[in-house]
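Structural overview
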Amino acid sequence: MRVLVVGSGAREHAILWKLAQSPRNLELFAAPGNAGAAAIATNIPATVTDFDALVAAAREFSIDLTIVGPELPLTLGIVDRFRREGLRIFGPTQAAARIEGSKSFARQIMRDAGAPTPTFAVFDDPDAARAYVHSQGAPIVIKADGLAAGKGVVVAQDIDEALEAVDAAMVGRAFGVSGERIVIEQCLVGQELSVFCFTDGSYVSPLVPACDYKRVFDGDEGPNTGGMGGYSPPPWWNAAMEQQIRETCIEPVIREMALQGSPFTGVLYGGLMLTEGGPFIIEFNARLGDPEAQLILPRMENDLLDVVEATLDGSLPSIDLRWSDRCAAGVVLAPMGYPGSHEAGKRIDGLAEAEQEAAVFHAGTALAKGGGFTTGGSRTMTMVGLGATMAEARARAYAAADKVEFEGKHYRMDIASFAVR
């Protein structure tokens, strides 16, 4: 069986890594893939938004199943296009992917479903948005309505910061068309948590949790990034919490999506805030997270292909989806200067030694002349340690991170420290 994974990050490398463990003798392809993934898959030079090229590649290589990693092609309708072409593909339709692509749409779905959501208002006019900020006070959350690579959210601690965020999005167009409409929300206080499930549009699989670190520096300082690491499971996770979140946050939304004519099939990713009043939904994403995929896929005891096919076939309830009791901690290595401008092309050493300690998932790497790897754009790779305890998993991740060397290497030193304490 031939499987194509669309995407080029560490998330897609982790998906391919998990698929490669299937006993079903898969032949793996990636578009465009990355330098590390090339060891287990054939890379196809097609960007994630070039649907013509992706369809042509699926036909040329006789692909039996395509799995989509990143959000952008999902929100642009890759699933709809592949289905029209008679090609089997895993992920939500363009209409369903609006749950990530439009924060205002997502909030309305949550409200209609009766799911716990913070107070919010949607604005197309900056003057009205400014007036609302003044009426609500701070702290307050300003969000670009559309996709902004994880950087379109400002948790403003005072009125001036909130007004600056409104102007940056709506007047300065910091996020392009994604910021023409904004959502202004109540600022919740609590512990952040990510949960993931597979769903066929009605049935929701058991949830798997993870916690990530979005800011670039220790102590949650500095600008937001695509994610600097994380861990799974958090120490406070238990069966009662899983049931509460399923019944109040996830299942009502899945039912409402179907009722409104946009049934969601694929992986639903809920970003939650655990408050004194219970769990609230901060946002939904329409795919696996990054770095969360690198944390939870090593904990999956099933064949990923079985789970994906059952989701597509409507037989997901028959799958006994199991998550290992092992702990996973992931540390992201990035070039100095990330998420801003930084130099690429720095030689990477020590990978073989690092792989003795942890799983290594490539993201921004390139093949070096004469062999080996160099740094590319964005985050470089994720080191994922596994262990019977979080302390053991964390130690392995950092041991691997210490063994990798490249000029300007940067990583946070406090990943999973709270979970260990």
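Look above for the structure.
Here is a short report on the structure shown in this document. These numbers were taken from a predicted model, which means no experiment stands behind them. (Residues numbered from 1 in each chain as written. Predicted model: local features only at pLDDT ≥ 70, side-chain atom pairs only at ≥ 80, totals over all residues. Heavy atoms only, no water.)

As a further point, take the packing of helix α7 (residues 126-136) against helix α8 (residues 159-170). The contact between α7 and α8 brings their axes to 10 Å, and the two run at 165 degrees. On the basis of their axis angle, the class for α7 and α8 is roughly antiparallel. The interaxial crossing formed by α7 with α8 has right-handed handedness. Between α7, through Pro 126, Ala 129, Arg 130, Val 133 and His 134, and α8, the contact on the second element is made entirely by Ile 159, Ala 162, Leu 163, Val 166, Asp 167 and Met 170. Split into classes, the residues belonging to the contact of α7 with α8 amount to eight nonpolar, one polar and two charged. (Axes fitted to C-alpha atoms, helices over the stretch in contact; angles between N-to-C directions. Helix = DSSP H or I, 4+ residues; strand = E, 2+ residues; numbered from the N terminus. Parallel < 35°, antiparallel > 145°, perpendicular 65-115°, else oblique. Left-handed = near helix turned anticlockwise from the far one by under 90°. Contact = heavy atoms within 4.5 Å. Nonpolar A, V, L, I, M, F, W, Y, C, P; charged D, E, K, R; others polar.)

Among the ten residues that make up helix α1 (residues 10-19), nine are buried, leaving the element largely enclosed by the rest of the structure. Of the residues making up α1, those classed as buried are Ala 10, Arg 11, Glu 12, His 13, Ala 14, Ile 15, Leu 16, Lys 18 and Leu 19. (Buried < 20%, exposed > 50% of the residue type's maximum accessible area, 1.4 Å probe, protein only.)

To continue, consider the sheet that holds strand β9 (residues 182-186). Adjacent strands of a sheet form backbone hydrogen bonds with each other and so pair up, either parallel or antiparallel. What the four strands build is an open sheet, ordered β6-β9-β7-β8; its pairing is antiparallel. With partners counted over all chains shown, the strands left at the sheet margins are β6 (120-123) and β8 (153-156), one partner each. Taking each pair of neighbouring strands and ignoring which way they run, the sheet shows an average axis angle of 20 degrees. Pairing of strand β7 (residues 140-144) with β9 involves five bridges; the strand directions are antiparallel. The partner of Ala 144 across the bridge, within β9, is Ile 182. Of the strands in this sheet, β6, β7 and β9 are in contact with α7, which crosses β6 at around 160 degrees. (Pairing = 2+ DSSP bridges.)

In this section: the pairing of strand β17 (residues 327-335). Within β17, nine of the nine residues are buried, which leaves it mostly tucked inside the rest of the structure. Alternating positions in β17 separate into two faces, Cys 327, Ala 329, Val 331, Leu 333 and Pro 335 on one and Ala 328, Gly 330, Val 332 and Ala 334 on the other, with burial throughout. Pairing between β17 and strand β22 (residues 381-387): seven bridges, direction antiparallel. Across the sheet, the residue bridging to Ala 329 is Gly 385, located in β22. In this sheet, strand β23 (residues 409-410) lies alongside β17 in antiparallel orientation, the contact comprising two bridges. Counterpart to Ala 334 in the pairing with β23 is His 410.

Pairing in this open sheet of three strands is antiparallel, and the strands run β18-β21-β20 from one edge to the other. Each edge of the sheet is formed by a strand with only one pairing partner; in this case those strands are β18 (347-348) and β20 (365-367). For β18 and strand β21 (residues 373-375), the ladder comprises two bridges, and the chain directions are antiparallel. Bridged to Arg 347 within β21 is Thr 374.

Before going further, it helps to examine the nonpolar core. One finds Ile 78, Ile 245, Ile 250 and Val 253 to be the most contacted residues of the largest nonpolar core, which totals 75 residues. A total of seven residues in this core trace back to one element, the largest contributor, which is helix α9 (residues 239-259). When neighbours within four sequence positions are excluded, Val 253 is seen to be in contact with Ile 99, Ile 109, Met 110, Ala 113, Ala 115, Ile 281 and Phe 284. (Core = buried A, V, L, I, M, F, W, Y, C linked by side-chain atoms within 4.5 Å.)

The next subject is α9. Under the 1.5 Å per step criterion, the end-to-end length of α9 is 28 Å for 21 residues, consistent within 8% with the ideal 30 Å. The sharpest bend along α9 reaches about 45 degrees and sits at Arg 246. Buried residues of α9: Met 241, Glu 242, Ile 245, Arg 246, Cys 249, Ile 250, Pro 252, Val 253, Ile 254, Glu 256 and Met 257, and no others. In the core, the buried residues of α9 are packed alongside α5 (98-101), α6 (103-113), β10 (191-199), β15 (266-275) and β16 (278-285). (Expected span 1.5 Å × (residues − 1). Bend = angle between axes of the 7 residues up to and from the residue.)

The final tally for this structure, using the stated rule, is 28 salt bridges. Between Glu 180 and Arg 173 there is a salt bridge, with its nearest N and O atoms 3.0 Å apart. Glu 180 gets classed as partly exposed once you look at its relative accessible area, which sits at 41%. With a closest N to O distance of 2.8 Å, Arg 412 and Asp 414 form a salt bridge. Both residues of the pair, Arg 412 and Asp 414, belong to the buried class. Linked by salt bridges that have partners in common, Asp 52, Arg 59, Arg 81 and Glu 85 make up one network. (Salt bridge = Lys/Arg side-chain N within 4 Å of Asp/Glu carboxyl O.)

Attention now moves to the packing of aromatic side chains. Under the defined criterion, the tally for this structure stands at eight aromatic pairs. When the ring of Phe 196 is compared with that of Tyr 269, the centres are 4.4 Å apart and the planes differ by 40 degrees; the resulting orientation is tilted. Highlighted residues: Phe 196 in strand β10 and Tyr 269 in strand β15, separated in sequence by 73 residues. Overall, Tyr 269 belongs to the buried group, its relative accessible area being 6%. Centroid distance Tyr 398 to Tyr 411: 6.1 Å. Interplanar angle 40 degrees. Geometry classified as tilted. Residue Tyr 398 is located in helix α13 (residues 390-403), and its partner Tyr 411 is located in the loop between β23 and α14 (417-420); the two are separated by 13 residues in the primary sequence. What makes Tyr 398 buried here is its relative accessible area of 8%. (Phe/Tyr/Trp six-rings, centres within 6.5 Å; stacked < 30°, edge-to-face > 60°.)

The subject of this paragraph is the state of the cysteines. Summed over all chains, the structure comprises zero disulfides. You can see Cys 197 has no disulfide; the closest cysteine sulfur is in Cys 249, sitting 11 Å from it. Under the relative-accessibility criterion, Cys 197 is labelled buried at 1%. Cysteine Cys 211 shares no disulfide, and the gap to the nearest cysteine sulfur, in Cys 327, comes to 12 Å. The buried category is assigned to Cys 211, whose relative accessible area is 5%. (Disulfide = S-S within 2.5 Å.)

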